[in-house]
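A structural walkthrough
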Number of protein chains: 2
Amino acid sequence: MKPGIPKGTRDFSAMEIAQRNYIFETIKSTFEKFGFQPIETPSFEKSATLMGKYGEEGDRLIFKILNSGDYLAKIDPQLLAEKNSKKLTPKISEKALRYDLTVPFARYVVQHLNDLVLPFKRYQIQPVWRADRPQKGRYREFYQCDADVVGSTSLWQEIEFIQLYDAVFNSLGLQHVTIKINNRKILAGIAEVIGEQDKLIDFTIALDKLDKIGKEGVVQELKNKGINEESIHKLNPLFSFEGSNNERIKHLEKLLENSEIGSKGVSELRFINEHIDAIGLETALLEPDVTLARGLNYYTGTILEVVANDVKIGSIGGGGRYDDLTGIFGLKNMSGMGISFGLDRIYYVLEELDLFNNIKQPKPDILFINFGNTEALYATKTIKKLRKYGIIAELYPDASKMKKQMGYANKRQISYVVLAGSSEIEQQQFTLKNMETGEQTVVNYDVLLKTVIK
Amino acid sequence: MKPGIPKGTRDFSAMEIAQRNYIFETIKSTFEKFGFQPIETPSFEKSATLMGKYGEEGDRLIFKILNSGDYLAKIDPQLLAEKNSKKLTPKISEKALRYDLTVPFARYVVQHLNDLVLPFKRYQIQPVWRADRPQKGRYREFYQCDADVVGSTSLWQEIEFIQLYDAVFNSLGLQHVTIKINNRKILAGIAEVIGEQDKLIDFTIALDKLDKIGKEGVVQELKNKGINEESIHKLNPLFSFEGSNNERIKHLEKLLENSEIGSKGVSELRFINEHIDAIGLETALLEPDVTLARGLNYYTGTILEVVANDVKIGSIGGGGRYDDLTGIFGLKNMSGMGISFGLDRIYYVLEELDLFNNIKQPKPDILFINFGNTEALYATKTIKKLRKYGIIAELYPDASKMKKQMGYANKRQISYVVLAGSSEIEQQQFTLKNMETGEQTVVNYDVLLKTVIK
């Protein structure tokens, strides 16, 4: 049997872990600097918690866990004879792997409401699983890094999250990111103004593709969806949505002046834009984009999406405001807002831009060559002392040939090697070899410590 | 629908996460200090990788993942009609959640052998899942923290791992731990000497219960297993296994002098004990225990188990030497040794002994009261500056009543609150309230920063 792992999953080496942890730690410490506190939820939830929350496509992509024991015992033979997988699944599977962090968060809020201080600011960095077709950059197991606030409708949350994106990407050295901003109310307003309220979803799905298929493509798709020429004509200003943020917002204001919901959306966008202007961002750019429509069914106000301008990979983060996330679990009127960071894409971008160059995997600072048990004991006593100073030190376990032991030191890129035989032991000294320069010196313990300590 | 989580799983709050991370970080940094490097493997493996590796009981406790899509489509209707869960499972499930970290590690070594430097020292801290009956301290999702070396038969590895246990528990402030040590060869030797080689497993299972059922109980169980009176009589010295480590080892040596394998085991034990004596442990105690038998089928040499003397909870760590771990994946002669830390039990012990008292969850250092948009903007600009110094600062998002905002500050145990209205803004100052003393002072930005910075 040739060993392998399931498609869409990955093993991670020490170097990859060091690089990934660097991203995790940057996000985590920024979340905390903004007052968020961590929670963790189980890898699997009751199926009833997850199913039906992500649409039909989502339900299909959720990994279901087979019940333990004799799961067929109580199944009606007739049901089995039907061979209907969809009907059988809920009878033989009661648990499923987390599909995202948002639904488990909503479940958490409702379940623990009595213990929470509102507004509740939580972050969560955990893996999720999706039975998606694996492709470049898309995995079946991947991490999400989410921050959400529930219990406040204040637009100052939007302002906080935009600053948070800016702070994280700036800390990662990723200076050319654009934070695109839209508002679900603006999308609803546009649909209203062109007289196609009932086609809001079709309309936004088409608009969302502007980047990929251009104006002509969008117009064609709108026609296919049964949106008439006159309506499409009214959309024209959106395609030439240019100028400064203020100019864009003014255009929108004019376009939506007869839509109450649309005007509300523009006024929210204006508030956020003006205040971000006043506060200033480190390096990110905030940019209104009326074609931005991600997660439409879910978001009720602001919609955000982040792209790295220097690397073509799609969004590296996204989020928005939702008015009724916990409603699915019976808790109404809990407005919130959240954003997410896409670890794998951020990793890809940092790698492409060579921004990992300072990240090092843990490796020994010093290796003691093993000449036999007497020498190994002398080495081990010294190693014990060095470790107290945080020095990563080890003894080569076997009294192998010199060449083999030195080869190990080279392959692990160890900076210092100690050779201590009977004469060194007698004089309580150490022959210390600097592996970079090849220089070899005989030193006592104090000099050894001083040389190796960081 | 009342929200809840599957039995045997847990949500973790910020405080619990801080406490758990303290344990993880202590273990992780000690692993690294000893030269181990991290790897991570996927949460689920191919079923073929896991099944059959943990015995029949293990196979039963592995969580299986249902195939995606129409998994029944190609199933023979006759097989379905049989209603045999065990036979159907491999047809409808090809993946399973990790049951431990050891088998995935063995798979990793064989799969990535060409990229590894031998001896390969890896650590791995990840959750595992078992469909065990949940009970106090036993969960269906829990973390394991493992360190293993493969590619060396040197007993210096044993000495390293004993020092590693000592270093971790000492760092955690857990000073009364006993590291019990035995050797599978000693157990084999005893079985040989009493003439019951073929009953080695029965014999060690009985012996392993000495703690719980006493000598009488063990003798009874041995009788039940068909071990004769004469053999049992020969075991007598084991029950009065007392004295210093050296004395115990001498007794064993005598007892096993006619068994080649037994004598080998005693000599290994003696080597380890003598060298640990010479090196010295920080606070842990090393203690030979011939009744220790954990994971017998798996270990081939040294067996270790750690108990906290002050808290009755069973072992908080264990491990041992194995000669053929990777053999199951076709790679022979790869001797290794590994140990594991039981996070949940260590957590329980630290909690019982009140050793978490310095652990704090992340919370804001300072909260700015929200008096309206003008004040919020003034606050946000200041917060932005404070965060650059690593200060956790936030604005209350809504211009709610003072009582509500102060209530939030109290519940989150925030140390400082800033009240800045129009007069403070005019003078570019801040009214700073120390929430512990109740003292309120008007300060400029520099004093504000100096007061709050850690």
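Figured I'd write up the structure that's included with this text. What you see is a predicted model; the values in this text were computed from it and never measured. (Residues numbered from 1 in each chain as written. Chains lettered and ligands numbered in written order. Predicted model: local features only at pLDDT ≥ 70, side-chain atom pairs only at ≥ 80, totals over all residues. Heavy atoms only, no water.)

It is worth spelling out the overall build of chain A at this point. Across its full length, chain A carries 18 helices and 16 strands. Scaling as 2.2 N^0.38, a compact globule of 454 residues should have a C-alpha radius of gyration of about 22 Å, whereas chain A reaches 29 Å, well beyond that. In terms of principal-axis extent, the alpha carbons of chain A reach across some 95 × 65 × 45 Å. The proportion of buried residues among the 454 residues of chain A is 59%. Taking the contacts inside chain A whose residues are at least 6 apart along the sequence as the reference set, 69% of them involve residues at least 24 apart. For chain A, the exposed area adds up to about 19600 Å²; of that, 47% sits on carbon and sulfur atoms. Of the charged side chains in chain A, 60 are positive and 60 negative, and the gap between their average positions amounts to 6 Å. (Helix = DSSP H or I, 4+ residues; strand = E, 2+ residues; numbered from the N terminus. Rg over C-alpha atoms; globule rule 2.2 N^0.38 Å. Buried < 20%, exposed > 50% of the residue type's maximum accessible area, 1.4 Å probe, protein only. Contact = heavy atoms within 4.5 Å. Areas by Shrake-Rupley, 256 points an atom, 1.4 Å probe, with all protein chains shown as cover. Lys, Arg positive; Asp, Glu negative; His and termini not counted. Charge placed at Lys NZ, Arg CZ, Asp CG, Glu CD.)

This paragraph deals with the relation of the copies chain B and chain A. For the pair chain B and chain A, the best superposition has an RMSD of 0.1 Å and corresponds to a rotation of 180° with a translation of 0.0 Å parallel to the axis. Taken together, the rotation angle and the small translation identify this as a two-fold axis. The rotation axis passes nearest to the C-alpha of I65 of chain B in chain B, at a distance of 2.2 Å. Most of the interface of chain B is mirrored in chain A, where 100% of its interface residues are also at the interface. (Least-squares fit on C-alpha atoms with pLDDT ≥ 70 in both.)

Further remarks concern the interface of chain B and chain A. Between chain B and chain A, the contact holds 105 residues from the first and 105 residues from the second. Summing both sides of the interface, chain B and chain A together bury roughly 9200 Å²; the carbon and sulfur share of this comes to 59%. At the surface where chain B touches chain A, the tally comes to ten salt bridges. A salt bridge links K388 of chain A to E282 of chain B; the nearest nitrogen and oxygen atoms lie 3.0 Å apart. Taken together, the links from chain B to chain A amount to 50 residue pairs in polar contact (both at pLDDT 80 or more). A breakdown of the residues in the side of chain B that touches chain A according to their chemical character gives 49 nonpolar, 29 polar and 27 charged. (Buried area = accessible area lost by both parts, 1.4 Å probe. Salt bridge = Lys/Arg side-chain N within 4 Å of Asp/Glu carboxyl O. Polar contact = N/O pair within 3.5 Å; in protein donor to acceptor, adjacent residues only side chain to side chain. Nonpolar A, V, L, I, M, F, W, Y, C, P; charged D, E, K, R; others polar.)

Residue and element names in this part refer to chain B. Burial of strand 14 (residues 416–419) is two-sided: the residues Y416 and V418 facing one way and the residues V417 and L419 facing the other way are all buried. Inspection of the sheet shows strand 12 (residues 366–368) paired to strand 14 by three bridges, in the parallel sense. Within strand 14, the position partnered with L367 by the bridge is V417. Of the pairings in the sheet, the one linking strand 14 to strand 15 (residues 430–434) comprises four bridges and is antiparallel in character. Following the sheet pairing, Y416 is matched in strand 15 by N434. (Pairing = 2+ DSSP bridges.)

Before going further, it helps to spend a moment on helix 8 (residues 184–193) of chain B. All names here are of chain B. Most of helix 8 sits out of view: seven of its ten residues are buried. Among the residues making up helix 8, those that are buried are K185, I186, L187, A188, G189, I190 and A191. The inward-facing, buried residues of helix 8 contact strand 7 (177–183), helix 9 (200–207), helix 11 (229–239), helix 12 (245–255), helix 13 (260–279) and strand 9 (302–308). Sitting at the amino-terminal end of helix 8 is N183, which places a side-chain oxygen 2.9 Å from the backbone nitrogen of K185. Note on helix 8: the residue one or two positions beyond its end, G195, has a positive phi of about 75°.

The next subject is the sheet that holds strand 12 of chain B. All names here are of chain B. Reading across from one edge, 13-12-14-15-16 is the order of the five strands in this open sheet, with mixed pairing throughout. Of all strands in the sheet, those with a lone pairing partner are strand 13 (393–395) and strand 16 (440–443), marking the two edges. Averaged over all pairs of adjacent strands, the angle between strand axes in this sheet comes to 25°, irrespective of strand direction. Strands in contact with helix 18 (residues 445–452) are strand 12, strand 14, strand 15 and strand 16; relative to strand 15, the strand with the most contacts, it is inclined by about 20°. (Axes fitted to C-alpha atoms, helices over the stretch in contact; angles between N-to-C directions.)

For the rest of this paragraph, the subject is the packing of aromatic side chains. Aromatic rings considered in pairs are described by the distance between their centres and by the relative angle of their planes. Counted according to the given criterion, the structure contains 36 aromatic pairs over all chains. Taken together, a centroid distance of 5.3 Å and an interplanar angle of 75° make the contact between Y396 of chain B and Y408 of chain B edge-to-face. Of the two residues, Y396 of chain B is situated in the loop between strand 13 and helix 16 (402–411) and Y408 of chain B in helix 16; the sequence distance between them amounts to twelve residues. Through pairs of rings, three or more aromatic residues link up here, namely F31, F36, Y123, F161, Y165, F169 and F341 of chain A. The ring of Y139 of chain B has R10 of chain B sitting right over it, with the charged end atom 3.3 Å from the ring centre. (Phe/Tyr/Trp six-rings, centres within 6.5 Å; stacked < 30°, edge-to-face > 60°. Lys NZ or Arg CZ within 6 Å of the ring centre and 35° of its normal.)

Right, let's get into the environment of N258 of chain B. In this fold, N258 of chain B is placed in the loop between helix 12 and helix 13. With twelve residues separating them in the primary sequence, N258 of chain B and N246 of chain B have C-alpha atoms 20 Å apart.

Residues and elements named next belong to chain B. Its location among the elements puts R98 in the loop between strand 4 (95–97) and helix 6 (102–111). Engagement of the side chain of R98 in a polar contact is seen with the backbone oxygen of P42, the distance being 3.1 Å. Engagement of the side chain of R98 in a polar contact is seen with the backbone oxygen of P127, the distance being 2.8 Å. Contacts of R98, omitting those with residues within four sequence positions, involve T41, P42, S43, F44, L50, P104, Q126, P127, V128 and W129.

All names here are of chain A. The eight strands lie next to each other as 1-5-6-11-10-9-7-8, forming an open sheet whose pairing is mixed. Only two strands of the sheet have a single partner each, and these edge strands are strand 1 (37–38) and strand 8 (285–288). Where strand 9 (residues 302–308) and strand 10 (residues 315–322) come together, five bridges link them in antiparallel fashion. Counterpart to I303 in the pairing with strand 10 is G320. Docked against the sheet, helix 13 (residues 260–279) engages strand 7 (177–183), strand 8 and strand 9, running at close to 150° with respect to strand 7.

Moving on, we come to unusual backbone geometry. Excluding glycine, a negative phi dihedral is what most residues carry, and trans is how most peptide bonds are arranged. Of note, the amide linkage connecting L118 of chain A to P119 of chain A takes the cis form, showing an omega dihedral of -10°. Positive phi, close to 55°, is recorded for K83 of chain A, a residue that is not glycine. Relative to the helices and strands, K83 of chain A is located in the loop between helix 4 (77–82) and helix 5 (85–92). Of the residues examined, K83 of chain A reaches a relative accessible area of 24% and is grouped as partly exposed. Of note, the phi angle at D354 of chain B is positive, near 60°, even though the residue is not glycine. Mapped onto the secondary structure, D354 of chain B falls in the loop between helix 14 (343–352) and strand 12.

Here we come to the environment of I316 of chain A. For I316 of chain A, the location among the structural elements is in strand 10. Filtering out sequence-adjacent residues up to four positions away, I316 of chain A remains in contact with F169, L174, V177, V306, V307, A308, F341, G342, R345, I346 and V349 of chain A.

A separate point is the pattern of salt bridges. Once their charged atoms are close, side chains differing in charge can pair, the charge on each being opposite to the other. Taken as a whole and assessed by the stated rule, the structure comprises 46 salt bridges over all chains. In this structure, a network of salt bridges that share partners links the residues R10, R20 and D344 of chain A.

With that settled, consider the packing of helix 12 of chain B against helix 13 of chain B. All names here are of chain B. Running from N to C, helix 12 and helix 13 cross one another at 165°; their axes reach a closest spacing of 10 Å. Between helix 12 and helix 13, the angle falls in the class roughly antiparallel. Viewed along their axes, helix 12 and helix 13 form a crossing whose handedness is left-handed. On helix 13, the residues touching N245, N246, I249, K250, L252 and E253 of helix 12 are V266, L269, R270 and N273. The residue makeup of the contact of helix 12 with helix 13, split by class, is four nonpolar, three polar and three charged. (Parallel < 35°, antiparallel > 145°, perpendicular 65-115°, else oblique. Left-handed = near helix turned anticlockwise from the far one by under 90°.)

Here we take up helix 1 (residues 14–33) of chain A. Residues and elements named next belong to chain A. With 20 residues, helix 1 extends 28 Å between its outermost C-alpha atoms, agreeing within 8% with the 28 Å of an ideal straight helix rising 1.5 Å per residue. Within helix 1, burial applies to A14, I17, A18, Q19, R20, I23, F24, T26, I27, T30, F31 and E32. Remark: G35 follows helix 1 within two positions and exhibits a positive phi of approximately 90°. (Expected span 1.5 Å × (residues − 1).)

Looking now at the side chain of S154 of chain A. With respect to the helices, strands and loops of the structure, S154 of chain A is situated in the loop between strand 6 (141–150) and helix 7 (156–171). Judged by its relative accessible area of 8%, S154 of chain A is buried. At 2.6 Å, the side chain of S154 of chain A and the backbone oxygen of P397 of chain B are in polar contact. Each residue touching S154 of chain A, except ones within four places of it in the same chain, is listed here: R321 of chain A together with P397 and D398 of chain B.

This next bit is on the pairing of strand 7 of chain B. All names here are of chain B. Burial of strand 7 is extensive: seven of the seven residues sit out of reach of the surface. Neither face of strand 7 is left uncovered, since the one carrying V177, I179, I181 and N183 and the one carrying T178, K180 and N182 both have all their residues buried. Relative to strand 9, strand 7 runs antiparallel, the two sharing seven bridges. In the strand pairing of strand 9, T178 is matched with V307.

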